[in-house]
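# Report on the structure
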Amino acid sequence: LLELVSEGLFANAEGTVSSCSSTDKTFEEEEPVISGKPTEQAILRFGTVMMGMSFECANENVEKIKVVPFNSTKKRAGTAVRSKATGDVRVHWKGASEIILGMCDKEMLCDGSVSVLTETRREDLVNLIADMAAGTLRTLCVAYTPCPVGTSF
């Protein structure tokens, strides 16, 4: 599950993460240097600092097939990637929560299982997003879809 999440956060990133080279700290103590627009920096910081994920590993393990940059009208960005290990192709999306949620018919649970996104569950998520927005919090969603073999981009 974490590998899939890191792939979604990092392969679909419009920013970069690199290690600083401070002589006073060990590699594990170093704060990464994150570049990009503020929203991208927040996403990358969440994945690396808060979740302990590796930007480099996530990007080394996939080949980017097609990148759709963020579009302010569509309020989303997407990247199609091919796993170097398995050859599986996935399209990762990120963007405005209501837009990405509207594209989904399933959800991945914490244990990695996939469940149908029922209308009741969708309404719960919409309400959660609205509550966070009412508290002046900005939300983003990430999602992916596996692609059948032979899909052309």
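Above this note sits the structure.
Residues numbered from 1 in each chain as written. Predicted model: local features only at pLDDT ≥ 70, side-chain atom pairs only at ≥ 80, totals over all residues. Heavy atoms only, no water.

Within the protein, the regular secondary structure consists of five helices and eight strands. Ordering the α and β elements of the protein from the N terminus gives α-β-β-α-α-β-β-β-α-β-β-α-β. Compactness check: the protein gives a C-alpha radius of gyration of 16 Å against a globular reference of 15 Å for 153 residues, within 12% of the reference. Each of the three principal axes of the protein carries a C-alpha extent, and together these read 55 × 45 × 35 Å. A burial count over the protein gives 32% of its 153 residues as buried. Summed over its atoms, the accessible surface of the protein is roughly 9800 Å², and 57% of this surface lies on carbon and sulfur atoms. For the protein, the separation between the mean place of its 16 positive charges and that of its 21 negative charges on side chains is 9 Å. (Helix = DSSP H or I, 4+ residues; strand = E, 2+ residues; numbered from the N terminus. Rg over C-alpha atoms; globule rule 2.2 N^0.38 Å. Buried < 20%, exposed > 50% of the residue type's maximum accessible area, 1.4 Å probe, protein only. Areas by Shrake-Rupley, 256 points an atom, 1.4 Å probe, with all protein chains shown as cover. Lys, Arg positive; Asp, Glu negative; His and termini not counted. Charge placed at Lys NZ, Arg CZ, Asp CG, Glu CD.)

Together, L2, F46, V49, M50 and M51 make up a nonpolar patch on the protein surface, roughly 480 Å² of accessible area in all. The biggest single contributor to the nonpolar patch is helix 2 (residues 38-50), with three residues. On the secondary structure map, V49 appears in helix 2. (Patch = residues over 30% accessible without salt bridge, like charges linked within 9 Å, V, L, I, M, F, W, Y side chains within 5 Å. Salt bridge = Lys/Arg side-chain N within 4 Å of Asp/Glu carboxyl O.)

Below, the discussion takes up the nonpolar core. Note on soluble globular proteins: their nonpolar side chains tend to be buried together. Among the nonpolar cores identified, the biggest contains twelve residues, and these are A80, V89, V91, W93, I100, L101, C104, L117, L125, I129, A143 and C147. Among the elements that take part in this core, strand 5 (residues 89-96) stands out by supplying three residues, more than any other. (Core = buried A, V, L, I, M, F, W, Y, C linked by side-chain atoms within 4.5 Å.)

Notably, K75 is not glycine yet its phi reads approximately 60 degrees, a positive angle. For K75, the location among the structural elements is in the loop between strand 3 (62-71) and strand 4 (76-83). The residue T136 is not glycine, and still its phi comes out positive at about 60 degrees. Tracing the sequence through the fold places T136 in the loop between helix 5 (119-134) and strand 8 (140-147). On the accessibility criterion, T136 (72% relative accessible area) is exposed.

What follows deals with helix 2. Listed in full, the buried residues belonging to helix 2 are E40, I43, L44, G47 and T48. Tucked into the core, helix 2 has its buried residues touching helix 1 (2-10), strand 1 (16-19), strand 2 (32-35), helix 3 (55-60), strand 5 and strand 8. Of the residues one or two after helix 2, G52 is the one with positive phi, at around 70 degrees. (Contact = heavy atoms within 4.5 Å.)

Note on placement: R122 falls in helix 5. Judged by relative accessible area, which is 17%, R122 ranks as buried. Polar contacts involving the side chain of R122 include one to the main-chain carbonyl oxygen of C104, which spans 2.6 Å. When sequence neighbours within four positions are dropped, the list of residues in contact with R122 reads L101, G102, C104, D105 and L117. (Polar contact = N/O pair within 3.5 Å; in protein donor to acceptor, adjacent residues only side chain to side chain.)

Positionally, S6 belongs in helix 1. Separated by 97 residues in sequence, S6 and M103 place their C-alpha atoms 20 Å apart. Setting aside residues up to four positions removed in sequence, S6 forms contacts with A11, M53 and A58.

Here we take up the pairing of strand 5. For a regular strand, side-chain orientation follows a simple rule: the groups alternate between the two sheet faces. Extensive coverage of strand 5 is indicated by the burial of eight of its eight residues. As paired elements, strand 4 and strand 5 share seven bridges and run antiparallel to each other. Counted as the bridge partner of A77 is K94 from strand 5. The antiparallel hairpin formed by strand 4 and strand 5 contains five residues in its connecting segment, where G87 sits at a positive phi of about 85 degrees. The sheet contact formed by strand 5 and strand 8 spans eight bridges and is antiparallel. By the bridge assignment, V91 is partnered in strand 8 with T145. (Pairing = 2+ DSSP bridges.)

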